[in-house]
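What the coordinates show
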Amino acid sequence: MMKRKKIAELLKTTAPIDNILLKGWIRTKRDSKNFSFIEVNDGSCLKNMQIVVDEIISDYVEIKKLTTGSAVAVSGSLVPSQGGGQQWEVRAAKIDIISIAPETFPLQKKRHTDEYLRTIAHLRPRTNKYGAIFRIRSELSWAVHQFFRDRGFRYIHTPVITGSDCEGAGELFRVTTLNPPMPMNSNGKIDFSKDFFGAESNLTVSGQLSAEMFALSLGDVYTFGPTFRAENSNTSRHVAEFWMIEPEMAFCDLAGNMDLGEALIKNLIRFAIDTCADDLNLFARFVDKTLEKTLENIISSDFFRIPYKDAIDILLGSKESFEFNLSYGTDLQSEHERYLTEKYFKKPIIIYDYPKTIKPFYMRLNDDGETVGAMDILVPRIGELIGGSQREERLDVLEKRMVGGGLSKESYWWYLDSRRYGTVPHSGFGLGFERLLMLITGVSNIRDVIPFPRTPGNIDF
Ligand code: 4AD
Ligand code: MG
């Protein structure tokens, strides 16, 4: 009986195995006098399996025509490899050709640039580098759930379509079934009461407000899902659709929030090092030679915690020439964040107590009346990886902040209810999953750690 095996599984064996069936795609083929050597990859791991094909097997003439990118089913035995370079190889008894890829297959042996591979995002997971990225992405998703489950957090599925703008930044993708000409109000605005939901709706920018409702019911919760932002910024750290991990904890203050963020980052890096060693090694060798050191440094450091005001002092006192001007009350740009974490502290830092004027309405007002209990975690090479806060749990203060920020108390009646009925101190944050993947792999463009990136002007694939 033939048994279908994956390469990842075969490589773990300690003894030869007969009667195996291996299916995959041809990476390269080399013909020598009476043999062909075919490198097959099935996506289960970085390594290929070398298939040795003797000219005596049937259809050898057909097999010689096989090209890079073609799909095959190999029956044979796993045996110790004669040549160097690999421990095991498969001696083929029979090769079934599933499909032949013509010479136009774009991934021939030479190395391609990331820019070019982005134009063939549908094929790039067939390369070593992108296969590795997306296996690591998958493993880390599991690790996220494991981290929270081990700590008693419940996983909440918050809505993707919503009527609220959590961050208040107006970076919303509208969801509508209305078609032009749009129904208009007497005041010249679009009449959304005629729209599908009877109100203006958009894709979520954060699951936080919903998660808060569940934290105030189930205790510790988290969400992990896609979020959408119509930020028209073409940077290497922004995409219009990204995945965010958002824990929310009842009976938790800002310090507890920082502790969780720091533990999560360290735990996920440790997990990647322990669980994805082969794939990760590719990045340490070919993408970022300092990767191992960077990651070990993060795991072993205590993240430096510093109030916003002190961080600004450091920046204003530095001799670095920044592109963007800075003063008390302005938001940090990526260049400032990277200076602090990469050059000044040389490790992750947590900046907290930001001016209320540059942060959303839901953050808890500090006793000074000027700052809020916000915290951002910045890491080398990326800048902001986590943004979070202690939430304003006092109804009267929250209402004042909403009115000041031009938000309607009526449309957030349900959110305010949570501060009316059994309100408690609570905190949470959002971690950008793609930015974490950039940190862990050393990949410098966010477009290369998400299967099909959504960016301004680009909706291909
Ligand atoms: O700092 P942000 O905007 O925080 C929130 O949305 C809060 N409501 C989260 C919460 O407290 N539950 O976003 C959180 C993180 C950022 O630190 C960043 O890592 C990531 O989300 N992020 C993006 N990642 C990729 N592309 C974008 N356009 C991103 N915008 C934010
Ligand atoms: Mg932020």
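The preceding data block contains the structure.
Now for a description of the structure that goes with this document. Being a predicted model, the structure only gives us computed values, none of them experimental.

What follows covers the packing of aromatic side chains. A complete count under the given rule lists 18 aromatic pairs for this structure. Sitting over the ring of Phe-147, Arg-151 keeps its end group 3.7 Å from the ring centre. Above the face of the Tyr-354 ring, Lys-359 is positioned so that its terminal group lies 4.2 Å from the ring centre.

By nearness alone, 25 residues border ligand 1, and Glu-167, Gln-208, Arg-229, Glu-246 and Glu-384 come closest of all. For ligand 1, a nitrogen atom lies 3.0 Å from a polar atom in the side chain of Ser-206. Gly-387 places a polar main-chain atom, nitrogen or oxygen, 3.4 Å from an oxygen atom of ligand 1. According to the grid-proximity analysis, the pocket containing ligand 1 is the second largest pocket. Elements that contribute at least two residues to the shell around ligand 1 include exactly β11 (241-250), β15 (383-390) and β16 (426-432). Residues belonging to the shell around ligand 1 are distributed by class as follows: 9 nonpolar, 8 polar and 8 charged.

With that settled, the discussion passes to the pairing of strand β6 (residues 88-99). The pairing of strand β4 (residues 49-54) with β6 spans 2 bridges and is parallel. Residue pairing in the sheet places Val-52 in a bridge with Arg-91 of β6.

Here we come to the layout of surface pockets. Estimated volume of the second largest pocket: approximately 1,300 Å³. Only β11, α10 (334-344), β15, α11 (395-404), β16 and α13 (433-441) provide two or more residues apiece to the lining of the second largest pocket.

Residues Pro-180 and Pro-181 are joined by a peptide bond in cis, for which omega reads 0°. Tracing the backbone through its elements, the reader meets Pro-181 in the loop between β8 (161-162) and β9 (202-203). The residue Asp-59 is not glycine, and still its phi comes out positive at about 65°. Looking at the secondary structure, you find Asp-59 in the loop between β4 and α2 (60-63). The backbone of Arg-381 sits at a positive phi, close to 75°, despite the residue not being glycine. With respect to the element layout, Arg-381 can be found in the loop between β14 (371-379) and β15.

Definitions and limits used
Residues numbered from 1 in each chain as written. Chains lettered and ligands numbered in written order. Predicted model: local features only at pLDDT ≥ 70, side-chain atom pairs only at ≥ 80, totals over all residues. Heavy atoms only, no water. Phe/Tyr/Trp six-rings, centres within 6.5 Å; stacked < 30°, edge-to-face > 60°. Lys NZ or Arg CZ within 6 Å of the ring centre and 35° of its normal. Near = heavy atom within 4 Å. Polar contact = N/O pair within 3.5 Å; in protein donor to acceptor, adjacent residues only side chain to side chain. 1 Å grid on protein atoms, 1.4 Å probe; cavity = no way out; pocket = protein on both sides within 12 Å on 5 of 7 lines; lining within 4 Å. Sits in = over half its atoms within 2 Å of the grid points. Helix = DSSP H or I, 4+ residues; strand = E, 2+ residues; numbered from the N terminus. Nonpolar A, V, L, I, M, F, W, Y, C, P; charged D, E, K, R; others polar. Pairing = 2+ DSSP bridges. Points joined across faces, edges and corners; volume = space filled by probe spheres on them.

That's the geometry; what it means functionally is another story.
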